[in-house]
Amino acid sequence: EEWLPALQSGGFDEKRVQFKVRLFPDRITTHQGVLGLYFPYKRSYLLRSIWGTLALGGLFTAAIVITFGSSLRTAMRQKRLSEMKTDFINNMTHEFKTPIATISLALDAMKNEKVRNDQERMRHYSELIRQENKRMNQQVEDVLRLAMLDRQELELDFEVFDLHDLIEDVQERFQLKLQKREGELKCELEALKSQVQADRQQMEAVLSNLLDNALKYSPEKPNITVRTTNVNNEIVVSVSDHGIGMSAETQRYIFDRFYRSETGNVHNIKGHGLGLAFVKGVLLVHDSNIHVKSSLGKGSTFSFNLKIHE
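Positions within a chain are numbered from 1, following the residues in the order the chain's sequence is written. This being a predicted model, a pLDDT of at least 70 is required before a residue's local features are given, and a value of 80 or more before pairs of side-chain atoms are given or counted; all residues contribute to the totals for chains, interfaces and linings. By convention in this description, side-chain values take in all heavy atoms of the structure and omit both hydrogens and water.

Right, let's talk about the overall build of the protein chain for a bit. Counting from the N terminus, the helices are DSSP H or I runs at least four residues long and the strands are E runs at least two residues long. The helix and strand inventory of the protein chain stands at seven helices and nine strands. Using a 1.4 Å probe, accessible areas were evaluated by the Shrake-Rupley method; residue-level cover was limited to the displayed protein chains. In the structure as shown, the protein chain presents an accessible area of about 20400 Å², 54% of it carried by carbon and sulfur atoms.

In C-alpha cells form, the structure reads like this:
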C-alpha cells in the first residue's frame, strides 16, 4: 500500500486512519494508490452540528414541564378554593339555620296565651330574638366588610386614640364569654407609648376577631394574654392563647378567606373562615401586617404593629 503524498491533507497522520480502500485495485503496477480517511474531531463536530437541535429540544421539554406544573398547581389551587367555598357555604347555612330556628321557636312560644301573660318570659324570648338577630346581622356584616375591602370601598375614619383604652374596652366585652367557660384574659400593657392614628372601629374589629379566634380554639378553660410593647417608633400588640395550636401547613393558609383548619370544619367550632382574612385586610390598609407563631398542642400567638402617633 502506498499513499499518494500529493493528495494528502495537511497534518495527515497515517497511524490514525480509520477507513481505507484501494483506489485502483485492478492496476498491475505497484502504484495502485490507497484512500485513507479519519475524523480527528468527530465528537466535537457532531456536537456542534446538533447543539441547536438539542437546545431547542431542551427548551421545548422545559416549557412542557413548566406548563404542566403550572396547570397542576392551578388545578390544585382551584380545587382547594372550591372546597373552601363549599365549606363556607355549608357553615354559613348552618350558622343561619340555627338562629332562624331559635327565633322561630321563640315566636311560636310567644303566641301561647300563658307566655303572653308572663312578662318575665316575654322579656326572655324578646331578648333571645334580639340576640339571635344581632348574631345573624354580624355574620352578614363580616362578609360585606370583606367585600368592601376587596373593592377598596371600606370607609376609614382615622383618628388619634390610646390603643390601651381600646384593648381594655374590648376586654370588658369578652369577660362574660370567659366567665361562662371559667377562662382568664390577662392584659400586659407594657408599651410606654400607646397613642396611634387609626380607624378605632376597625381596630376594635381586629382585636375582637383575634380574641374570638383565641376563644374558639382554646379547649376547656381559655387562658388568653394580650400584650403590648414598644419597638422603635411602633407599638406591637400580641394575642396569645394556650389552645390547640396549628400545624405549619395550616399557618400557610390561615389568612386565606374561607380557609379553616380541619378541626374548624366541624360545626362544634363556629366560623366562616373570614375573620383572619378581614384582620389582615384591615391591617394592610393601616400599613401593617399580622404574623403568627404556633405549634400543635401549645397554642398560638398573633401579633401586629402600628406606628406611634407623636
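To continue, consider the pairing of strand β6 (residues 223–231). Strands pair, by our definition, only if DSSP identifies at least two bridges between them. Here six bridges tie strand β4 (residues 184–189) to β6, and the two strands are oriented parallel to one another. Bridging across to β6, Leu189 finds its partner in Thr228. Both β6 and strand β7 (residues 234–241) contribute to a ladder of eight bridges, which runs antiparallel. From the neighbouring strand, Val231 faces β7, where its bridge partner is Glu234. From the end of β6 to the start of β7, which pair antiparallel, there are two residues, and Asn232 there has a positive phi angle of about 55 degrees.

Located in the positive-phi region is Glu182, a residue other than glycine, with phi close to 55 degrees. Inspection of the secondary structure assignment puts Glu182 in the loop between α4 (163–180) and β4.

An α-helical turn contains 3.6 residues, so any two residues separated by three or four positions project in the same direction. Taking 1.5 Å of rise per residue, 18 residues should cover 26 Å, and α4 covers 27 Å from first to last C-alpha, within 8% of that figure. What we call the bend at a residue is the angle made by axes fitted to the seven residues finishing there and the seven residues starting there. Maximal helix bending in α4 amounts to about 40 degrees, located at Phe174. Type-normalised accessible area, obtained with a 1.4 Å probe on protein chains alone, sets the label of each residue: buried when under 20%, exposed when over 50%, and partly exposed for intermediate values. Burial in α4 covers these residues: Leu163, His164, Leu166, Ile167, Val170, Gln171, Phe174 and Leu178. Contacts described as polar in this section are N or O atom pairs within 3.5 Å, which, within protein, must combine one atom able to donate a hydrogen with one able to accept it, while residues neighboring in sequence count only if both atoms come from side chains. Between the side-chain oxygen at the start of α4 and the backbone nitrogen of His164 there is a gap of 2.8 Å, and the oxygen is on Asp162. Count one or two residues on from α4 and you reach Glu182, which has phi positive near 55 degrees. Here the expected span of a helix is defined as 1.5 Å times the quantity of residues minus one.

Okay, the environment of Leu146 next. With respect to the helices, strands and loops of the structure, Leu146 is situated in helix α3 (residues 119–150). C-alpha separation for the pair Leu146 and Val282, spaced 136 residues apart in sequence, amounts to 9.1 Å.

This paragraph deals with the packing of helix α5 (residues 200–216) against helix α7 (residues 275–285). Each axis is a line fitted through C-alpha atoms, taken for helices only over the stretch in contact, and angles between the N-to-C directions span 0 to 180 degrees. Contact geometry of α5 with α7 gives a least axis separation of 9 Å together with a crossing angle of 145 degrees. Considering only the axes of α5 and α7, their crossing is left-handed. Facing Gln202, Met203, Ala205, Val206, Asn209, Leu210 and Asn213 of α5, the residues of α7 in contact are Gly275, Leu276, Phe278, Val279, Val282 and Leu283. Following the grouping adopted for this structure description, the nonpolar residues are Ala, Val, Leu, Ile, Met, Phe, Trp, Tyr, Cys and Pro, the charged ones are Asp, Glu, Lys and Arg, and the polar ones are all others, Gly among them. Its residues assigned to classes, the contact of α5 with α7 comprises nine nonpolar, four polar and no charged. Note on convention: near helix rotated counterclockwise from far helix by under a right angle means a left-handed crossing. Clockwise means right-handed. The criterion used for residue contact is that any of the two residues' heavy atoms lie within 4.5 Å.

Next up on the list: the nonpolar core. In these notes, a set of buried Ala, Val, Leu, Ile, Met, Phe, Trp, Tyr and Cys residues joined through side-chain atoms within 4.5 Å is what counts as a nonpolar core. Of all hydrophobic cores here, the largest spans 41 residues; its most connected members are Leu163, Met203, Leu210, Leu211, Ile224, Phe302 and Phe304. For this core, the elements supplying multiple residues, two or more each, are α4, β5 (195–199), α5, β6, β7, α7, β8 (290–295) and β9 (299–307). Of all hydrophobic cores here, the second largest spans nine residues; its members include Ile103, Ala109, Met110 and Met122.

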